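Single-letter residue listing:
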Amino acid sequence: MADAHIVLAYSRDAGIVAIAGGEQYPWAHTALEESGFRRGEAGVYRLPADDADASRATVAGLIICAERHRTSVSTSSRRFIGDAARDIARLLPGQWSAAVEIYSHPVWQEDLVPWIWDSGELGRALQTERIPYAATLTDMVHGTTLLLTERPGRQLDYLVGAFAPKGLEEGYGDPHAPRSIVLPPFPGRAAQAVADRYLPSYEQAVHARRTAAISTVLQHIRSERDTWQAMAASARYRDATPLSVNALGAATEDFLDRSWRSFLTVVDHAPTLLERCQPARSPWPQDAAALSRLADAVADAEVLLEEAVHSGPLPPRERQARTWSAIETWLTDGEAFLRQARVSTPHRRPALAVSAPLRPLPAARPAPRR
C-alpha cells in the first residue's frame, strides 16, 4: 500500500465519503481538501452526492490531484462502515450509540491493540492486518463498547469484538476474554447475532474475569498475611536478620496499607457478583450467611472510601482497624463467595425482537483510544 492513500465509499446519509490513511496521510488530506472534499466528524471527508455529474467530476479531479501528492485512490465495494454501525445500533436492545474511528497511521492501530479484549479473529486481525478504520458501538446504559471492523480478506462480512471493560483493562491476553464473531452484511441478522450470541458470551467472560480478579487478590493478601505473621512471630526478617519493635510496627503498617490497596479490587467487583449469587439454588445453601457477612464487609469498605472523600483521611490506626476488619472477613469467607460466583450467571440483557423496528439514532462523536 502507498505511503498515502484514500478509500472512497458511499454513505446513505453523507454521499461520497473519503478516508485517508498511510504513514504520510497528511498528503491525502491535502489532496482531498484541494479537490473540494470537506472534513467532518472523526476525520471523515465528505462530498454530497446530490448532483451526480458534479460528484463524478470531483472524484475525477481528486484522482489527478492525489497523483500530484503521491497518494493512491481506491473505491470500497462496501457501504460506509458508519452506516453499517448505525443500522446495527438502531436494532440492538437498549440504548446504543455508534461512532467511526480512523487509524490513519499504522501506529494508531497498534495503540488500539492492548485495549481490545478478544481471543478470536478480531484480536489476531488487529495485530496482523492493516485496518485503517472501524466503528464503535457503545451501550449507553451498561457502558459496554464493541468494535466493528470489516473482515480482512472478505468482501462482505464484518467482525465484532469488545474493548476491555472498565476496571479490567489489564486483561490484555487474558484467557477469559470472549471470542469475536463474524457478522453478515445484513443489519437485522447482524444485530441478532450480537444480541443473541456475542453479548451473552461477553457478559459471561466479564463475570469470569471479575471472579478471577477477586480470587487472585485474596490469594495475594493471604500470602502477604502469612509472611507477615511468620515475621512477627519470629521477630526476624525473611533473611533471619533481627527485627526491632519499631521495624515490626512499620512492617505491620506497610502490610496493612498494601492489603487495603489490593482489596480495592474486591470493592470494585464484588457487589455485582454478590447480587448474582443464589445460594439457595446452589449445592451449598449454607453459604447464605457467609455471603451476607461478605456483603456487609464490602459495604463497610465503601463507607470508608466515602468518608475519606468527603471528610478527609482517618487517623492511621482507625483506618487500619476498619480496613483490616473488612479484609479479614473476606479472607475467612472468601472461598464460599468464589464457589457461589463460579456457579452463578450474569443477568441476561433484554432479548432482541426478530422484527425490531428501526429507531432514529442521534449522531455521536467517537472516543478515540489513541
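These figures come from a predicted structure and were not determined experimentally. Within each chain, residue numbers correspond to sequence positions counted from 1 in written order. In keeping with the predicted nature of the model, local features appear solely for residues at pLDDT of at least 70, side-chain atom pairs appear and are counted solely at 80 or more, and the whole-chain, interface and lining totals rest on all residues. Side-chain metrics in this entry use all non-hydrogen atoms of the structure; hydrogen atoms and water are not considered.

Caption draft 1: Layout of the overall build of the protein. In this text, helices come from DSSP runs of H or I with a minimum length of four residues, and strands from runs of E with a minimum of two, each type numbered from the N-terminal end. If you tally the helices and strands in the protein, you get nine helices and 10 strands. Looking at the protein residue by residue over its 370 residues, the buried ones come to 47%. In the protein, once contacts between residues fewer than 6 apart in sequence are set aside, the share between residues at least 24 apart is 71%. Of the accessible surface of the protein, which amounts to about 18,700 Å², a share of 53% is contributed by carbon and sulfur atoms. The cut-offs for exposure are 20% and 50% of the maximum accessible area for each residue type, with area from a 1.4 Å probe on protein chains only; residues under the lower value are buried, those over the upper are exposed, and the others partly exposed. Here a residue-residue contact requires only that any non-hydrogen atoms of the pair lie within 4.5 Å. Surface accessibility follows the Shrake-Rupley procedure with a 1.4 Å probe radius. Residue values consider only the protein chains on display as shielding.

Caption draft 2: Spotlight on unusual backbone geometry. Residue A42 is not a glycine yet carries a positive backbone phi of 65°. Note that A42 resides in the loop between strand 3 (38–39) and strand 4 (45–47). Even without glycine at this site, R70 takes up a positive phi of about 55°. Relative to the helices and strands, R70 is located in the loop between helix 2 (52–68) and strand 5 (72–79). On the basis of relative accessibility, which here comes to 59%, the residue R70 falls in the exposed class.

Caption draft 3: Spotlight on helix 3 (residues 81–91). Among the 11 residues in helix 3, 11 count as buried, and that is most of the element. Restricting attention to buried positions, one finds in helix 3 the residues I81, G82, D83, A84, A85, R86, D87, I88, A89, R90 and L91.

Caption draft 4: Molecular detail of the sheet that holds strand 3. Read from one edge to the other, the open sheet built from five strands follows the order 3-4-2-1-5, with strand pairing classed as mixed. Among the strands making up the open sheet, the edge pair consists of strand 3 and strand 5. Paired strands, as defined in this entry, are two strands with at least two bridges between them according to DSSP. Of the strand pairs in this sheet, strand 1 (residues 5–11) and strand 5 are connected by five bridges, and their pairing is parallel. Along strand 5, the bridge assignment pairs V7 with S74. Helix axes are fitted to C-alpha atoms over the stretch in contact, other axes to C-alpha atoms as well, and angles between N-to-C directions run from 0 to 180 degrees. Each of strand 1, strand 2 (15–21), strand 3 and strand 4 is contacted by helix 1 (residues 25–35), which is oriented at about 150° to strand 2, the strand it contacts most. Sitting on the sheet, helix 3 is in contact with strand 1 and strand 5, with an inclination near 25° to strand 5.

Caption draft 5: Spatial organisation of the nonpolar core. Within this scheme, the nonpolar core is defined by two criteria: the residues are buried Ala, Val, Leu, Ile, Met, Phe, Trp, Tyr or Cys, and they are joined through side-chain atoms within 4.5 Å. Among the nonpolar cores identified, the biggest contains 42 residues, and I88, L137, L146, L148 and L183 are the most heavily contacted of them. For this core, the element with the most residues is helix 6 (residues 187–234), which contributes 10 residues. Leave out the neighbours within four places in its chain, and L146 touches W96, A135, T136, L137, V160, G161, A162, F163, V194, Y198 and L199.

Caption draft 6: Spotlight on the packing of aromatic side chains. Aromatic rings from Phe, Tyr and Trp, taking only the six-membered ring of Trp, are treated as a pair when their centres fall within 6.5 Å; an angle between ring planes under 30 degrees marks them as stacked, one over 60 as edge-to-face, and anything in between as tilted. Counted according to the given criterion, the structure contains seven aromatic pairs. Their ring planes at 10° and their centres at 5.3 Å tell us that W228 and F255 sit as a pair that is stacked. Residue W228 is located in helix 6, and its partner F255 is located in helix 7 (residues 245–276); the two are separated by 27 residues in the primary sequence. For the pair W330 and F337, a centre-to-centre distance of 5.0 Å together with 65° between the ring planes defines the contact as edge-to-face. In this structure, W330 and F337 share a single accessibility class: buried. Geometrically, a lysine NZ or arginine CZ counts as sitting over a ring once it is within 6 Å of the ring centre and also within 35 degrees of the ring normal. A cation sits over an aromatic face here: R70 above W27, 4.1 Å from the ring centre.

Caption draft 7: Geometry of the environment of P132. Its location among the elements puts P132 in the loop between helix 5 (121–128) and strand 7 (133–139). Placed 113 residues apart in sequence, P132 and I19 show a C-alpha to C-alpha distance of 8.4 Å. Leave out the neighbours within four places in its chain, and P132 touches I102, Y103 and S104.

Caption draft 8: Layout of the pattern of salt bridges. Salt bridges are counted wherever a side-chain nitrogen of Lys or Arg sits within 4 Å of a carboxyl oxygen of Asp or Glu. Using the criterion set out here, one finds 18 salt bridges in the structure. Measuring nitrogen to oxygen at the nearest pair gives 3.7 Å for the salt bridge that ties R78 to E150. Of the two residues, R78 is situated in strand 5 and E150 in strand 8 (residues 145–150); the sequence distance between them amounts to 72 residues. On the accessibility criterion, E150 (17% relative accessible area) is buried. R322 is paired through a salt bridge with E318; the nearest N and O atoms lie 3.6 Å apart. Here E318 and R322 lie together in helix 9 (residues 316–343), a separation of four residues that amounts to about one turn. By relative accessible area, R322 is classed as partly exposed at 31%. When salt bridges that share partners are traced, they join R12, D13, R79, D87 and R90 into one network.

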